[in-house]
Every structure is written in structure tokens, then in C-alpha cells.
Amino acid sequence: MRGPIVLLTYLLNSWTVCATVRAHVGTAPGKTPQVQALPSLREQAKLLDGWTEERKALIPGLLRKYGVDAWLMSQREYAEDTVFWALKEATQFSARRRTTHLFLADPVDGAPSSYSWIENTEVVWTELRQILATQQPRSIALNTHSEIAFSGGLHAGELDAVVKGVGEEWKDRFVLEPMLGVELVATMVKSRLPWYQKMMETAWAIIEEGFSEKTIVPGKSTSWDIEWWMREKIQSLNYTTWFQPSVFILTGKGFPAADDPSASMDDPRAPDRPIEYGDLIHTDFGVSALGLNTDTQHIGYVLYPGETEADVPKGMIEGLKKVNRLQDIVKSNMKVGMTGNEILKASIEQMRSEGIQGKIYCHATGEWGHSAGTVIGMTNLQDKVPVLGDLPLLRNTYYSIELFAEHFVPERNRTIVFPQEEDVYWDDATNSWQWVYGRQEELLLIRTPAVDGMEAPTEL
Ligand SMILES: *[C@@H]1O[C@H](CO)[C@@H](O)[C@H](O)[C@H]1NC(C)=O
Ligand SMILES: *[C@@H]1O[C@H](CO)[C@@H](O)[C@H](O)[C@H]1NC(C)=O
């Protein structure tokens with residue numbers, strides 16, 4: 001997903017029969033994605049709490065890795081630290097009163113390594129001061145970063161309250177270690193993967209149904225109709241999403257095409273007109289469930305009546321191949337430990353040396369749609385991304401490989417942008433990034449039966 005994010009919280013309230021009838025071949029060779037039903041809410045809570053416990057257990061090790069003795073997080077109801085959401089229980093819907101967490105790297109005297117308070121009296125500070133006095137941490141991390149959301153979630157007023165609460169004598173032990181919040185939120189414990197794969201399969205299945213003749217009536221359905229169809233579909237499956245799905249008609253304009261400075265970054269949904277035969281269409285689509293978010297971009301082509309796969313303009317097939325190649329380039333440059341900016345530079349150099357024009361703008365995903373971790377380019381920053389691009393790429397994370405390649409399509413006599421977005425996870429067994437579900441290697445096709453007297457226009 002690119003551009004402004006609208007965070008949408010949906011009431012889960014309806015159910016429609018969701019068997020996806022497949023009308024075309026799968027876009028990932030040999031696969032036919034199916035909608036995956038979610039377990040009951042109660043079962044979901046159990047899963048979530050299990051994953052949270054696994055993640056919490058990582059904290060002492062993280063503190064030692066970054067050389068910090070203690071980590072203090074404090075917040076009030078509705079003014080939560082960004083990290084709060086990664087630590088909460090499934091049945092907690094927000095912080096309550098003042099919610100304070102203290103984590104210790106190496107507690108002495110057999111003391112616990114984690115403490116939590118939900119308090120509205122001085123008790124939290126009295127007890128906290130007692131623990132600090134016994135444990136004597138030399139450094140206490142606070143989430144006060146000015147640029148990184150995942151390490152900057154301590155509210156300004158709460159910082160005042162913390163300083164007042166623990167007393168001035170601890171103030172000079174406060175430190176900022178941005179990687180604590182980043183790595184805790186970014187780390188995807190292994191047990192999450194099977195559900196992430198199911199969610200990704202569901203996202204693919206919704207896109208495949210949306211980009212088919214079941215949903216699109218050429219000459220009638222507009223791009224916005226399909227976007228709202230997707231929203232309703234998500235809701236009918238009891239999933240939610242983290243951004244408004246977008247459907248574009250790829251004309252060579254209307255997407256951030258390098259050759260079209262007038263293309264608006266703020267209105268990714270333009271143009272909203274009926275989808276016509278011969279259109280190349282694109283979607284940016286994600287689903288949310290179980291504290292996870294997916295992010296996918298696929299492309300489809302609207303065949304003229306009676307046409308078959310063999311009639312897809314070759315230039316469009318070549319365009320998809322080109323962007324597939326760019327995906328491979330970026331994926332192979334994503335070396336754990338390198339910074340996003342180093343990966344960007346290596347990828348752009350390789351892209352140019354292979355004669356590909358395009359843009360690269362990849363981000364961590366999973367816990368949040370745009371999750372914690374380094375970024376590899378942004379649509380407006382192709383040399384380097386300040387601050388975020390300087391963080392190292394972490395293992396055990398999920399990434400969204402998001403990019404586009406430009407390709408001259410002779411059948412349309414114009415350069416068209418071919419965007420793709422596909423999520424990967426770090427696989428320890430192979431020491432490499434793997435597609436969460438697959439990647440698009442064939443255009444989705446919208447087919448219509450032959451109509452007497454109607455033929456595809458002669459190509460240029
Ligand atoms: C959606 O939730 C309702 C209410 O809990 C449930 O009856 C229905 O089976 C769920 N639908 C899906 C697709 O999981
Ligand atoms: C292709 O486009 C160019 C301008 O971009 C134009 O000069 C040329 O005539 C077009 N060719 C055809 C066959 O339409």
C-alpha cells in the first residue's frame with residue numbers, strides 16, 4: 001500500500017457464502033487461492049495470546065542485545081505507546097487508567113523480568129521506585145525517538161509524569177535505543193506464519209474474484225465499484241483491512257509514472273470510469289485479522305468478447321515479466337544486516353544495469369500494514385530514505401516487496417507502469433526470503449463471451 005493510510009475499523013457482522021468459484025487459471029503457477037475462514041473469536045484470542053507470550057519472552061534477550069538494563073513504557077487509556085499493541089492481551093482493547101510496563105534484562109535476586117501496573121494512584125510510582133532501587137539498572141530505555149513511530153510512542157505528557165513519578169535521580173539513566181521497539185514489533189514469531197499464509201491466500205482469492213467476470217462488467221463497473229465490492233467482501237468474511245483497496249486503470253498515467261509528473265500521488269483512485277475491454281487494471285489490496293496485515297498488488301487485463309489468453313497483448317505479458325525480474329533483483333539484495341539504503345542502492349544499480357526503468361519502495365509488514373523495520377526506498381525517495389532507511393534489515397520479519405517497472409507496450413504505443421507488491425517472510429531453513437503465498441506471474445483475465453459484430457480493434 002502506498003500513499004495516505006486511512007485506518008478503518010469494521011464491525012464484524014455479516015456472513016455470506018464464500019466459496020470462490022474460479023473462472024480462470026491461477027496467477028501463481030499451479031495454485032488456486034481459496035478464502036480461508038477465521039476461527040471463532042475465542043479461538044482467535046487464544047492464538048493471539050500465545051503469540052504475544054512468545055514475543056514477550058524475547059524482551060530480556062533484546063535488552064541484552066542492545067546493551068540496555070531496563071525498558072520502561074507508560075501510557076494512559078487512549079494515549080498508548082505504539083509498542084503497547086504488540087504486548088496487550090487479546091481481550092484488552094486499550095490501555096486503562098495509567099498502564100505501565102517495566103522490563104529488566106538481568107533481574108537480581110531472582111526477581112521477575114517484567115512488571116505491569118494498571119493504576120490511577122501513586123502506587124505505580126512507589127512500587128516502581130522500589131524496584132529500581134533494588135535492581136539498580138544502569139540504563140533505562142524510554143521510547144522517545146523523534147522520527148521512528150515504533151520507538152517514539154511515549155507521549156510528551158507521560159514523559160513528564162514518568163520523570164516526576166520515578167524522581168530526578170533516575171533521569172540521567174534514561175536512554176533511547178530505537179532498535180528495541182523496532183525489533184520487538186518487527187519480530188514475527190514462527191507460529192504466526194501458517195495464519196499469515198492463510199490470510200495471504202484469502203487476499204489473493206478476493207483479488208481473483210474481484211478481477212474476474214463475476215464482478216466486473218466491462219463498460220459498466222467502475223474502478224470505485226470494484227473497490228467497494230472488495231470492502232464488502234472483506235467484511236462478509238469477518239476480516240477487516242488497514243487501507244481502502246484501490247483499483248486503477250493503468251493507462252500509463254494516473255499512477256506515479258516516472259514519465260508523468262502530473263499523476264497525482266494524493267488521488268491514487270483516479271480515474272474512476274467504467275472499466276473497458278482492453279484495459280489493464282491494477283489493485284492495491286490488503287486484509288487484516290489476528291493482529292496481522294497483508295499488502296498485495298496485482299494486475300488484470302480485460303479481454304475483448306470472445307478473446308482468450310492467446311489474445312493478451314504480448315507487450316503486457318512482457319511488462320509483467322519485467323516487474324517479476326525486478327522483484328527477483330530486490331529480493332536477492334535483501335541481505336539481513338544491511339541497511340535499507342544499502343539494499344536500495346544495490347538494487348537500483350542492478351536494475352539500471354539490466355536496463356529496467358522503475359521504482360522500488362519496500363517496507364516491513366505484518367504486525368502493522370507498514371510495520372517496524374527499515375524501508376527500502378519510498379516512491380519519492382529513490383536515492384536513500386533518511387533515518388528509517390539507515391536501520392538494518394532484521395531476520396524473522398515480514399516484508400512487502402513493492403515496486404514498479406515501466407514497459408513500452410507496442411500494442412498501445414506507450415509506456416505503461418507495471419506495479420507489483422508481494423509479501424515475503426524470512427525462512428531460517430533456507431536462510432532466505434520466501435513468498436508468503438506466491439507471486440503473480442500471469443495476468444488475471446476478465447473474459448466475456450463473443451458478441452456478434454463486436455471485435456477487438458486492430459492493434460497498432
Ligand atoms: C462470521 O462471523 C459470524 C458471527 O460470528 C459467523 O456466524 C460466520 O460463520 C463467520 N463467517 C466466516 C466466513 O467466518
Ligand atoms: C506512437 O506515438 C507517437 C508519439 O508518442 C506518435 O508520434 C506515433 O505516431 C504513434 N504511432 C502510431 C502508430 O500511432
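Residues numbered from 1 in each chain as written. Chains lettered and ligands numbered in written order. Predicted model: local features only at pLDDT ≥ 70, side-chain atom pairs only at ≥ 80, totals over all residues. Heavy atoms only, no water.

**Let's talk about the packing of aromatic side chains**
For clarity, the threshold we go by: Within 6.5 Å between ring centres, the rings of Phe, Tyr and Trp (the latter by its six-membered ring) count as paired, and their orientation is classed by plane angle as stacked under 30 degrees, edge-to-face over 60, tilted in between. When a residue's accessible area, from a 1.4 Å probe over protein chains only, is under 20% of the maximum for its type it is buried; when over 50% it is exposed; and in between it is partly exposed. The helix count covers DSSP runs of H or I at least four residues long, the strand count covers runs of E at least two residues long, and both are numbered beginning at the N terminus.
Considering all chains together, one arrives at 11 aromatic pairs under this definition. Taking the centre distance of 4.6 Å and the plane angle of 75 degrees together, the rings of W242 and F243 count as edge-to-face. Across the pair, F243 and W242 agree in class, each one buried. A centroid spacing of 5.7 Å and a plane angle of 35 degrees characterise the contact between Y277 and Y304, whose relative ring orientation is tilted. With a gap of 27 residues between them, Y277 in the loop between β6 (246-249) and β7 (280-285) and Y304 in the loop between β10 (296-302) and α9 (314-333) connect regions that are remote in the sequence. Judged by relative accessible area, which is 18%, Y277 ranks as buried. An aromatic cluster is built from Y399, W426 and W433, whose rings are joined through pairwise contacts.

**A short note on the pairing of β10**
Selection rule: Two strands form a pair only when DSSP identifies at least two bridges running between them.
Taken across its 7 residues, β10 has 7 buried, putting it largely inside the fold. Burial along β10 is two-sided: the face carrying T296, H298, G300 and V302 and the face carrying Q297, I299 and Y301 are both buried. Examined bridge by bridge, β7 and β10 share 6 bridges and lie antiparallel to one another. Bridge pairing links H282 to I299 in β10.

**Some words on the sheet that holds strand β5 (residues 174-175)**
Taken in spatial order, the 5 strands line up as β3-β2-β1-β4-β5 in an open sheet, and their pairing is mixed. Of all strands in the sheet, those bounded by a partner on one side alone are β3 (114-119) and β5.

**Regarding the pattern of salt bridges**
Our working rule: The salt bridge definition used is simple: a Lys or Arg side-chain nitrogen within 4 Å of an Asp or Glu carboxyl oxygen.
The full count for this structure, using the stated rule, is 18 salt bridges. Among the salt bridges present, the one from E183 reaches K65, with a minimum N-O distance of 3.0 Å. With a gap of 118 residues between them, E183 in helix α6 (residues 178-186) and K65 in helix α2 (residues 59-65) connect regions that are remote in the sequence. What makes E183 buried here is its relative accessible area of 12%. A salt bridge links D328 to R439; the shortest N-O distance between them is 3.1 Å. Of the two residues, D328 sits in helix α9 while R439 sits in the loop between β15 (432-435) and β16 (444-446), which places them 111 residues apart along the sequence. Connected through shared salt-bridge partners, R55, R192 and E367 make up one network.

**Focus: the pairing of strand β1 (residues 70-76)**
Of all 7 residues in β1, 6 are buried; the element is thus mostly enclosed. Direction of pairing for β1 relative to strand β4 (residues 140-141): parallel, over a ladder of 2 bridges. By the bridge assignment for β4, W71 is matched with A141.

**Some details on the nonpolar core**
The condition is simple: Among buried residues, those of type Ala, Val, Leu, Ile, Met, Phe, Trp, Tyr and Cys that are joined through side-chain atoms within 4.5 Å constitute a nonpolar core. In this description, contact between two residues means that some pair of their heavy atoms is separated by no more than 4.5 Å.
Grouped together as the largest cluster of nonpolar side chains are 77 residues, with contacts concentrated most on L280, Y301, M334, I360 and L443. Beyond its immediate chain neighbours, meaning those up to four positions away, L280 contacts F248, I249, L250, I299, G300, Y301, M316, I416, F418 and L443. Of all hydrophobic cores here, the second largest spans 24 residues; its members include I59, M179, L184 and A186.

**Details of the side chain of S221**
The condition that has to hold: Contacts described as polar in this section are N or O atom pairs within 3.5 Å, which, within protein, must combine one atom able to donate a hydrogen with one able to accept it, while residues neighboring in sequence count only if both atoms come from side chains.
Summarising the element assignment, S221 is placed in the loop between α7 (193-210) and α8 (223-236). Within the structure, the side chain of S221 is placed 2.7 Å from the backbone nitrogen of V217, a separation counted as a polar contact. When sequence neighbours within four positions are dropped, the list of residues in contact with S221 reads T215, I216, I226, R273, P274 and I275.

**Regarding unusual backbone geometry**
A positive phi angle, close to 55 degrees, is found at N396, a residue other than glycine. Turning to its location among the elements, N396 is positioned in the loop between β12 (363-365) and β13 (398-409). Even without being a glycine, N413 presents a positive backbone phi close to 55 degrees. The topology assignment puts N413 in the loop between β13 and β14 (414-427).

**Here's the deal with the packing of α9 against helix α10 (residues 340-353)**
Put simply, the rule reads: Note on geometry: axes are lines fitted to C-alpha atoms, helical ones only across the stretch in contact, with angles between N-to-C directions running from 0 to 180 degrees. Crossing handedness is read from the near helix: turned anticlockwise from the far helix by less than a right angle, it gives a left-handed crossing, and turned clockwise, a right-handed one. Just so you know the grouping, Ala, Val, Leu, Ile, Met, Phe, Trp, Tyr, Cys and Pro go in nonpolar, Asp, Glu, Lys and Arg go in charged, and all remaining residues, Gly too, go in polar.
Put simply, α9 and α10 touch, their axes get as near as 9 Å, and they point 145 degrees apart. Relative to α10, α9 is oriented so that their crossing is right-handed. For the pair formed by α9 and α10, the contact residues are R325, L326, I329, V330 and N333 on the first element and I343, A346, S347, Q350 and M351 on the second. Residue composition of the contact of α9 with α10, by class: 6 nonpolar, 3 polar and 1 charged.

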